[in-house]
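One-letter residues, chain by chain:
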Amino acid sequence: LTLNPQRYLSLTAEVDTVLHAAADVRHYAPEAELLAANLGGCEQMLRFADTAEASFLHISTVSVSGSHLRNAPQMPAIMNEDDLDIGQNWADNPYAKSKLLAEAAVARAVAEGLNARIFRVGRLFGRAADGLFQMNAESNAFYRLLSGIKRLGCLPQRFREMPLELTPVDLCAQAITLLASAPGAAFHVFNPIEIPLASLAQAVGEMRFIEDKQFSELLKRQAGGVDTYIDAVAEAWFAGKEFAANIRLDQRRTLFALALAGFTWPSPRLELIVRCVRE
């Protein structure tokens, strides 16, 4: 941790809980950089927690669920809090890969006696309090996707009712705080109240709905390095990463624990969600 040995040892005597939230969350980054930050950083903090005999709270992501099963891409599947690798395509995305391998490192530490919990957070977006979004918004995959949809001004017809999960970052933090001492090894911390993608797109700007073939042709004409946000839509559309996930996350145990703590998720407010794109 770039600390001198004396300071490192003094901290291990003082710290009883490690909240490991540091991560490189760029979905568009070299795999080596993501592994160094997300796996290597996690392993560093696990060693510290072990030396300090401290509990370990690890912030992960629902992205570890992937989008489909490797050997049965069309088959629906469910991933619950206790699952890690159910055969999903976690290795396809460098970010998801780095976070799943970090979870595996936490699981090994637990098997060796460490007291740890994993929190898989949802698609984090602006604060519920005022809609304020992250500073480096252009590195956020969903921000890029939503910005690209705004610039295109259209979506396929079948996306009118496609459900979308968005989790305000401040409410996510509040939920994790309440779950920090709840029984369980892992939790799925995301807003279960989904909104239609069409409603979100229309709140961003004028939107028309076209057939799939027209949408594909439009993307082929406009994608290709001129506009990185439209490129993000093209990547998601042709790879099926955002639009055709066949794996759903079960969060019933998490919701029950939050209910016991007096926490319930509110309905998303579109005017706050789209603030960052409008600005």
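In what follows, the accompanying structure is described. (Residues numbered from 1 in each chain as written. Predicted model: local features only at pLDDT ≥ 70, side-chain atom pairs only at ≥ 80, totals over all residues. Heavy atoms only, no water.)

## Some points on the pairing of strand 1 (residues 17-20)
For step 1, the next point in the chain: Residues V18 and H20 line the buried face of strand 1, whereas the alternating positions T17 and L19 sit on a face that is not buried.
For step 2, the next point in the chain: Read as a crossover between parallel neighbours, the route from strand 1 over helix 2 (residues 31-52) to strand 2 (residues 55-61) is right-handed. (Buried < 20%, exposed > 50% of the residue type's maximum accessible area, 1.4 Å probe, protein only. Helix = DSSP H or I, 4+ residues; strand = E, 2+ residues; numbered from the N terminus. Right-handed = clockwise from strand over helix to strand, strands pointing away.)

## Here we look at the packing of helix 5 (residues 169-179) against helix 9 (residues 252-260)
For step 1, the next point in the chain: Between helix 5 and helix 9, the least distance of the axes is 10 Å, while the angle of their chain directions is 80°. Between helix 5 and helix 9, the interaxial angle falls into the category roughly perpendicular. Two secondary-structure elements touch here, helix 5 through A175, L178 and L179 and helix 9 through T254, A257 and L258.
For step 2, the next point in the chain: Taken together, the residues of the contact of helix 5 with helix 9 sort by class into 5 nonpolar, 1 polar and no charged. (Axes fitted to C-alpha atoms, helices over the stretch in contact; angles between N-to-C directions. Parallel < 35°, antiparallel > 145°, perpendicular 65-115°, else oblique. Contact = heavy atoms within 4.5 Å. Nonpolar A, V, L, I, M, F, W, Y, C, P; charged D, E, K, R; others polar.)

## Brief notes about the pattern of salt bridges
For step 1, the next point in the chain: Evaluated as defined, the whole model comprises 11 salt bridges.
For step 2, the next point in the chain: One salt bridge connects R120 with E103, and the closest N-O pair in it is separated by 2.8 Å. Here R120, found in strand 4 (residues 116-121), pairs with E103, found in helix 3 (residues 94-111); they are 17 residues apart in sequence, far enough to count as distant.
For step 3, the next point in the chain: Classification of R120 as buried rests on a relative accessible area of 2%.
For step 4, the next point in the chain: With a relative accessible area of 1%, E103 lands in the buried category.
For step 5, the next point in the chain: The partner of D130 in a salt bridge is R127, with the nearest N and O atoms 2.6 Å apart.
For step 6, the next point in the chain: The exposure class assigned to R127 is partly exposed, which follows from its relative accessible area of 32%. (Salt bridge = Lys/Arg side-chain N within 4 Å of Asp/Glu carboxyl O.)

## Here's the deal with the pairing of strand 4
For a regular strand, side chains alternate in direction, first toward one face of the sheet and then toward the other.
For step 1, the next point in the chain: Counting buried positions along strand 4 yields 6 of 6 residues, so the element is predominantly enclosed.
For step 2, the next point in the chain: Of the two faces of strand 4, the one carrying A116, I118 and R120 and the one carrying R117, F119 and V121 are both buried.
For step 3, the next point in the chain: Note: strand 2 against strand 4, 6 bridges, orientation parallel. Within the sheet, the bridge partner assigned to F56 lies in strand 4 and is A116.
For step 4, the next point in the chain: Relative to strand 9 (residues 186-189), strand 4 runs parallel, the two sharing 4 bridges. Residue pairing for strand 9: R120 is matched across the bridge by H188. (Pairing = 2+ DSSP bridges.)

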